Amino acid sequence: KICSLVTVFILCYIDMVNSEIINANEKVNFSLPSCDFLIPLSLYVAKKCGLPINKILLGSIGYNSNIVKDFFLSTITEEDENDAISIFFEEEGYLFDPISIRGLIAQEDYYSDYEDNKTTVVLSLISPYLFARRIYKILTYKNELNIQKAIKVFVAGGKEIDKKVAEANKKAFEKYLTDRVTIAG
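Cut-offs and rules
Residues numbered from 1 in each chain as written. Predicted model: local features only at pLDDT ≥ 70, side-chain atom pairs only at ≥ 80, totals over all residues. Heavy atoms only, no water. Core = buried A, V, L, I, M, F, W, Y, C linked by side-chain atoms within 4.5 Å. Buried < 20%, exposed > 50% of the residue type's maximum accessible area, 1.4 Å probe, protein only. Helix = DSSP H or I, 4+ residues; strand = E, 2+ residues; numbered from the N terminus. Contact = heavy atoms within 4.5 Å. Salt bridge = Lys/Arg side-chain N within 4 Å of Asp/Glu carboxyl O. Patch = residues over 30% accessible without salt bridge, like charges linked within 9 Å, V, L, I, M, F, W, Y side chains within 5 Å. Areas by Shrake-Rupley, 256 points an atom, 1.4 Å probe, with all protein chains shown as cover. Pairing = 2+ DSSP bridges. Axes fitted to C-alpha atoms, helices over the stretch in contact; angles between N-to-C directions. Phe/Tyr/Trp six-rings, centres within 6.5 Å; stacked < 30°, edge-to-face > 60°. Expected span 1.5 Å × (residues − 1). Arc of directions from axis to C-beta. Parallel < 35°, antiparallel > 145°, perpendicular 65-115°, else oblique. Left-handed = near helix turned anticlockwise from the far one by under 90°. Nonpolar A, V, L, I, M, F, W, Y, C, P; charged D, E, K, R; others polar.

*Asks:* It is not clear to me how the nonpolar core should be interpreted in this structure. Could you clarify?
*Replies:* The nonpolar side chains of a soluble globular protein tend to be buried with one another. In this structure, F9, F30, L43 and L123 are the most contacted members of the largest nonpolar core, which totals 20 residues. Those elements that provide at least two residues to this core are α1 (2-18), β1 (28-33), α2 (38-48), β2 (53-61) and β3 (71-76). The element best represented in this core is α1, accounting for five residues. When neighbours within four sequence positions are excluded, F30 is seen to be in contact with F9, C12, L43, L51, I53, K55, I56, L57, T120, V121 and L123. The next biggest cluster of nonpolar side chains, apart from the first, holds 13 residues, and it includes I76, L95, Y129 and L139.

Structure follows, in structure tokens:
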């Protein structure tokens, strides 16, 4: 599994070079949640194999330790996650899940702590549609997002793969909504 992940990271890097996002051999950061150590370990192996990685940024809830020089650890609260999901959805139109958003927060924390102008790859690992109830609460709580808009986000999905996940969650999500609000047709 580590070899397949290293391959994915190499292909991601090549794609950024070919898309002229970065120059060949330019160092980049990778940012992700620390929920599974296999992915950071795979990034570390890719770095040791020669992939030009500057830092591996990890977002973690309530965990802090001394991390070796190749890693940066950001300790994150659930409120941090909720705020970041809501703000990023409003400003960018992209819906992060509560796990993957930790990588984005870690990137922001890293840039605020260190002067680093390197490109960062934020890994989005899980579909937000697997967290329908929590995402709905986040989107409708602070920003008073229209309930119909929230329904469209979950029922329609953003990408083809998300549509399949959204369809699988549709009944549970609609039941969750109808238990709490009346939806005008």
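*Asks:* Can you help me understand the pattern of salt bridges in this one?
*Replies:* Between side chains of opposite charge, a pair can form as their charged atoms come close. The final tally for this structure, using the stated rule, is three salt bridges. The residue E81 makes a salt bridge to R102 at a minimum N-O spacing of 2.6 Å. With a gap of 21 residues between them, E81 in helix α3 (residues 78-92) and R102 in helix α4 (residues 101-113) connect regions that are remote in the sequence. The buried category is assigned to E81, whose relative accessible area is 1%. Linked through salt bridges whose partners overlap, the residues forming this network are E81, R102 and R134.

*Asks:* What's the story with a nonpolar patch on the surface in this structure? I'm lost.
*Replies:* Together, I10, L11 and I14 make up an exposed nonpolar region whose accessible area comes to about 260 Å². Owing to a relative accessible area of 40%, I14 belongs among the partly exposed residues under this scheme.

*Asks:* What is the right way to look at the environment of V6 in this model?
*Replies:* Tracing the chain through its elements places V6 in helix α1. By relative accessible area, which is 10% here, V6 ends up buried. Those residues in contact with V6 that sit more than four places away from it in its chain are S42, V45 and A46.

*Asks:* It is not clear to me how the sheet that holds strand β4 (residues 120-122) should be interpreted in this structure. Could you clarify?
*Replies:* The strands making up a sheet associate through backbone hydrogen bonding, with each pair oriented either parallel or antiparallel. Judged by pairing direction, the sheet is parallel, and its four strands sit side by side in the order β3-β2-β1-β4 without closing on themselves. The open sheet is flanked by β3 and β4, the only strands paired with a single partner. Adjacent strand axes in the sheet meet at a mean angle of 20 degrees, parallel and antiparallel pairs treated alike. When β2 meets β3, the two strands line up parallel, connected through six bridges. The residue of β3 that forms the bridge with L58 is L73. Its contacts with the sheet put α3 on β2 and β3, and the angle it makes with β3 is roughly 95 degrees. This element, α4, spans β1, β2, β3 and β4 of the sheet and lies at about 110 degrees to β3.

*Asks:* Teacher, can you tell me more about the packing of aromatic side chains here?
*Replies:* By convention here, two paired aromatic rings are described through the distance between centres and the angle between planes. Counted according to the given criterion, the structure contains seven aromatic pairs. Note on Y110 and Y111: the rings are 6.0 Å apart at their centroids and 50 degrees apart in plane angle, and the pair reads as tilted. Through successive ring pairs, a cluster of aromatic residues spans F72, Y110, Y111 and Y114.

*Asks:* How do you make sense of α1 when you look at a structure like this?
*Replies:* Owing to its 3.6 residues per turn, the α-helix aligns residues three or four sequence positions apart on the same side. Compared with an ideal rise of 1.5 Å per residue, which puts 17 residues at 24 Å, α1 spans 24 Å between its outermost C-alpha atoms and is within 8% of the ideal. Residues of α1 that are buried include every one of L5, V6, F9, Y13 and M16, and no others. What you see down the axis of α1 is that its buried residues fit within an arc of 105 degrees, all on one side. What points out from α1, more than 90 degrees from its buried face, is the exposed set C3, L11 and N18. Lining the buried residues of α1 we find β1, α2 and β4. In the segment just after α1, E20 is the residue with positive phi, at about 60 degrees.

*Asks:* Would you mind showing me how to read the packing of α1 against α2 here?
*Replies:* Two quantities define a packed helix pair, namely the angle between the helix axes and the distance between the axes. As a packed pair, α1 and α2 sit with axes 9 Å apart at the nearest point and diverge in direction by 65 degrees. Between α1 and α2, the angle falls in the class roughly perpendicular. The two elements α1 and α2 meet at a crossing, and its hand is right-handed. Note on element contacts: α2 touches α1 through L38, I39, L41, S42, L43, V45 and A46, opposite I2, L5, V6 and F9. Among the residues making up the contact of α1 with α2, the classes are represented as ten nonpolar, one polar and no charged.

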